[in-house]
Structures are given as C-alpha cells and as structure tokens.
Amino acid sequence: MNEAKHHVVVVGAGFGGLEFTRALAGAPVRITMIDKRNHHLFQPLLYQVATTALATSEVAWPIRHLLCKRKDVTTLLANVTGVDRAGKRVLLDDGSAVAYDTLVLATGARHAYFGHDEWEPFAPGLKTLEDATSIRRRILLAFEQAERETDPAKRRALLTIAIVGGGPTGVELAGTIIELAHDTLRGEFRNIDTRQTRVVLIEAGDRILANFAPKLSDYASKALERLGVMVELGRAVTRCDAEGVAFGDKQLAARTILWAAGVAASPAAEWLGAKADRAGRVLVEPDLTVSGSPEIFVIGDAALVLRPDGRPVPGVAPSAKQEGRHVAATIKARLGGDTTARPFHYRHAGDLATIGKRAAVIDFGWLKLTGWAAWWLWGVAHIYFLIGFRNRLAVSLSWLWIYATGQRSARLITQGDDDKG
C-alpha cells in the first residue's frame, strides 16, 4: 500500500530540505531524504565551533533522530552524483538509483574562490563541521607553534590571522578570534603574548556588511577596530599561499588565512543540465520548479530566485525555510487536484550579525539596532531557532560563561590530515 503512494525524494537535510519535510507532514506521500552527511547543521553558529566557543554537538543533530517519529520518511546516507530527468531517478555514487515522482533539491552551497581554486588549501572556507574543526585546529596550532618559534618575523606571521570577506561570516569570525586571542588565551603562554595577535579583515568593497544599512556597516567597522581588528577595504585579494596573502599593493605575512568571501552552489545545475548563473545556482521558475520539469523543485542556496524588483533572494536560512514551506504547500495542492502555478513570494525578516561577545548589528528595515541590546536580541533569536531544549540550554550556558569569564570550553586540538606540524 505504501509503495503505491506518491514518492517525494529530497536531497539535502539543510534548512530548506528539513523545513520542506516538516511542512509536508500529513500528506499522502512517502518521502526519501538523502544526504551525504548524517546530521543537520545549524550553520549560523558554525563559526563559533571554529573559534572554540561551542562544541560540534551543540550546532548539529542526527537526521535520523530529527525524523524518527515520521514513519513516512526514509533517510538514506548517500552521495548523489546526478539526476536522470527522463527516467525520473536520482543517481548515487554506488551505482544505484532512487526513483521519484517529485524531486526537491536542497543541496546548499560550497566555497567559491573566483577562479582561484588553488587558494583553497591555504584559505579554507566555513561550510561544514569538518571545515569548522579544521579551522579551529589551524588557529590553535598557530599559537602553539608561535610559542616555540624563536624567529621574530616567523612568530609575527604565526600570530597574524587574515580573514578574506567582510560579510556576516567574516565579521563574526574576526570579532570572535580577536577576543579568543586577547581575552581567553591571555596569560596561558610563557614565550608569547597573545594580545599581540593581529586579526586582519580584508574586504574588496568599500564597506563591510554590504547588505546592511551604511550606518550599521560603519558601526560594525568601528566596533571591530575597537576590539583590535584591522579592517582593510577597497582591495581585492590577488594571492593566497603558505606565506600569506596579497591584496591591492599590500603583502601580509600570515600563516592562518580564512576564506569568507564567496560561495558557489552545489552541482545541482550540472546534474539537471539546467541553466545557471555564474555562481552555479539553478535559474528556477517563479514557482521554484526547473524549466521543462514541473516535478523538480530547487530551493535554498542551490537556486537563483528573483524578487519582483529583480534582486535575488538572499542565501540565508529564513529564505530556504520559506521556500521549503512553499514547495510543500504546492505539492499538497497538486495532490488535491490543483495544478495552478504558485509563484514564491519572499518575506525578508531582516539581517543580523554579531561583533564579539558584547555587540551586534540588526537591520529589520523598520528597526535598526546596534551594541549591547542588539547582541542580546541576536542571541535570543539564534537560541530560539536551535532544535531541542537541551541544545538551547547548553548554548545559553556556554554564552553566559563566555560573557562572564571570557573562557571558551571547546579548545581541544584534534589531529587531522591537514596538520602542518
């Protein structure tokens, strides 16, 4: 009986895919969720794992656990390699395939280096738990190596951290790392003073947080500089290697470089043979379907969705969740016999970014906040969207401890293939 039901396949258990699955509850369908990882990641707080504020288990949850009560959902841990549109099958890396009646691709994004993929080994991005733990290891090892280094120039390079990209991720990384060096690690080393650490935020544009109102960008820049971050504007990066980074006419010796400057969509467009923009996002129809295949939807960072004014819908969690709910409602309507096209309408909730542990900027359009009040509102909003009481409590206690003492608990250096010594 169940095998005869309409089969919906979802690829990707991020915000969009998970919200879609939740919203489709009660529909006469069976759902197969496919993801190459076994966990859902709360990506807005991933930078706090990279900077030792939170543990991995506080920002990620097993997909099977989240969906265990949904008997209509089957979860598969698998790597998708393509889509057979004609045969209506999702192709997997082991040679098998999963047939679908409706397909939802919510496969997210990856790092983009603007044609310089050779920079990636020296300037890792932050999209996965593996990225976060690798970055955490690099940062902490830089201090350990500086403690042993006797050459002043090499020690200075080890105590220099460059962050490329002045969007929310870059700003949040910069503020947290400078506090880690100046507050948390202060007094723990004998041969170095961690307060001599330089954090340099490099942005090619004329201001950081370009999606925010100019006065909020200006506040964020000044707040970072008060913390000790060097903000470099108007110069694009031209080189990243083991020695450091070049931007404009400047050369910066830095052993740790972090990339927060751009993203590219997953290979969904390649799987589908569909039109895509320069970032690889699928050019979807107004109802989020793929041209020529009304049974295929693409949502989240993998899709280019245009607003009425021609601007793209931002690649943030709220938009992915809205798109997931929209697609679920569309499928329910189709199953009820209503095949009318339902254009997606995005509702922008606002922009938020935190600057260290005592300041943030919030732009709701009608309300703009900065400073301490914005930081608390930012924290409440993020805690609210975490999954489960235990995680909300754990993150709240971690933040309160950091706020009161400056100490961060997730500072273990775990070994990895990218360790340099």
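This one's a predicted model, so the numbers in the text were calculated from it and none came from an experiment.

Conventions used here
Residues numbered from 1 in each chain as written. Predicted model: local features only at pLDDT ≥ 70, side-chain atom pairs only at ≥ 80, totals over all residues. Heavy atoms only, no water. Helix = DSSP H or I, 4+ residues; strand = E, 2+ residues; numbered from the N terminus. Rg over C-alpha atoms; globule rule 2.2 N^0.38 Å. Buried < 20%, exposed > 50% of the residue type's maximum accessible area, 1.4 Å probe, protein only. Contact = heavy atoms within 4.5 Å. Areas by Shrake-Rupley, 256 points an atom, 1.4 Å probe, with all protein chains shown as cover. Salt bridge = Lys/Arg side-chain N within 4 Å of Asp/Glu carboxyl O. Pairing = 2+ DSSP bridges. Axes fitted to C-alpha atoms, helices over the stretch in contact; angles between N-to-C directions. Phe/Tyr/Trp six-rings, centres within 6.5 Å; stacked < 30°, edge-to-face > 60°.

A.B. asks: Is there a simple way to think about the overall build of the protein in this case?
C.D. replies: If you tally the helices and strands in the protein, you get 11 helices and 25 strands. Over its C-alpha trace the protein gives a radius of gyration of 22 Å, about what one expects of a compact globule, namely 22 Å for 421 residues. Across its three principal directions, the C-alpha atoms of the protein cover 70 × 50 × 45 Å. When the 421 residues of the protein are sorted by exposure, 52% land in the buried category. Across the protein, contacts joining residues at least 24 apart in sequence account for 64% of those joining residues at least 6 apart. As displayed, the protein has an accessible area near 19400 Å², and 54% of this comes from carbon and sulfur atoms.

A.B. asks: Which parts of the structure should I look at to understand the side chain of H39?
C.D. replies: Its place among the elements puts H39 in strand β3 (residues 39-41). Note on H39: relative accessible area 17%, which makes it buried. Other than its neighbours up to four places away in sequence, H39 contacts A60, W61, P62, I63 and L129.

A.B. asks: Teacher, can you tell me more about unusual backbone geometry here?
C.D. replies: Of note, F114 is a non-glycine position whose phi angle comes to about 55°, a positive value. A relative accessible area of 58% places F114 in the exposed class. Although it is not a glycine, L288 sits at a positive phi angle of roughly 75°. Among the structural elements, L288 can be located in the loop between β19 (282-283) and β20 (289-290). The buried category is assigned to L288, whose relative accessible area is 0%.

A.B. asks: I keep staring at the pattern of salt bridges and nothing clicks. Help me out?
C.D. replies: Between side chains of opposite charge, a pair can form when the charged atoms approach closely. For the structure shown, the criterion picks out 16 salt bridges. Residue R37 is joined to E130 by a salt bridge in which the shortest nitrogen-to-oxygen separation is 3.2 Å. Placement of R37 in the loop between β2 (29-35) and β3 and of E130 in helix α4 (residues 129-148) is noted, with a sequence separation of 93 residues between them. Judged by its relative accessible area of 26%, R37 falls in the partly exposed class. Among the ionic pairs, E232 bridges to K250, the shortest N-O distance being 3.0 Å. One end of the pair, E232, is in strand β13 (residues 230-233); the other, K250, is in strand β16 (residues 250-253), with 18 residues separating them in the sequence. In this structure, a network of salt bridges that share partners links the residues E232, R235, D249 and K250.

A.B. asks: Looking at this model, I keep getting lost on the sheet that holds strand β23 (residues 351-355). Mind explaining?
C.D. replies: Backbone-to-backbone hydrogen bonds pair the strands of a sheet. The strands run either parallel or antiparallel. Pairing is antiparallel in the open sheet, where 3 strands are placed in the order β23-β24-β25. Each edge of the open sheet carries a strand with a single partner, namely β23 and β25 (368-370). Strand-to-strand twist across the sheet, computed as the mean angle between neighbouring axes with direction ignored, equals 5°. Running over the sheet, helix α10 (residues 371-385) touches β23, β24 (359-363) and β25 and is turned about 75° from β24.

A.B. asks: Mind showing me how you'd approach the pairing of strand β21 (residues 293-298) here?
C.D. replies: Within β21, 5 of the 6 residues are buried, which leaves the element mostly enclosed by the surrounding structure. As paired elements, strand β9 (residues 102-105) and β21 share 3 bridges and run parallel to each other. For V104, the partnering residue across the bridge sits in β21 and is F297. Sheet topology note: the β20/β21 ladder contains 2 bridges and is antiparallel. Paired with T289 across the two strands is F297, which belongs to β21. In textbook terms, the turn of a hairpin is the stretch between consecutive antiparallel strands, and for β20 and β21 this stretch comprises 2 residues, one of which, G292, has a positive phi near 85°.

A.B. asks: Would you take a moment to explain the packing of aromatic side chains for this structure?
C.D. replies: The geometry of two aromatic rings is summed up by the distance between their centres and the angle between their planes. With the rule as written, the count across this model stands at 13 aromatic pairs. Summarising the aromatic geometry, the rings of F15 and F42 are spaced 5.7 Å apart at their centres and angled 75° between planes, so their arrangement reads as edge-to-face. Of this pair, F15 sits in helix α1 (residues 15-23) while F42 is found in the loop between β3 and α2 (46-50), placing the two residues 27 residues apart along the sequence. Accessibility classification places F15 together with F42 in one group, the buried group. Ring geometry for F42 against W61: centres 6.5 Å apart, planes inclined by 75°, an arrangement best described as edge-to-face. With F42 in the loop between β3 and α2 and W61 in strand β4 (residues 60-62), the pair connects residues that are 19 residues apart, well separated along the chain.

A.B. asks: Sorry if this is basic, but what is going on with the sheet that holds strand β8 (residues 97-99) here?
C.D. replies: With respect to topology, 3 strands assemble into an open sheet ordered β6-β7-β8, the strand pairing being antiparallel. What marks the edges here is a single partner per strand, and that holds for β6 (80-84) and β8. Neighbour-to-neighbour, the strand axes of this sheet turn through a mean angle of 20°, independent of strand direction. Bridge analysis of strand β7 (residues 89-92) against β8 gives 3 bridges, and the strand direction is antiparallel. Note on β8: the bridge partner recorded for V90 is V98.

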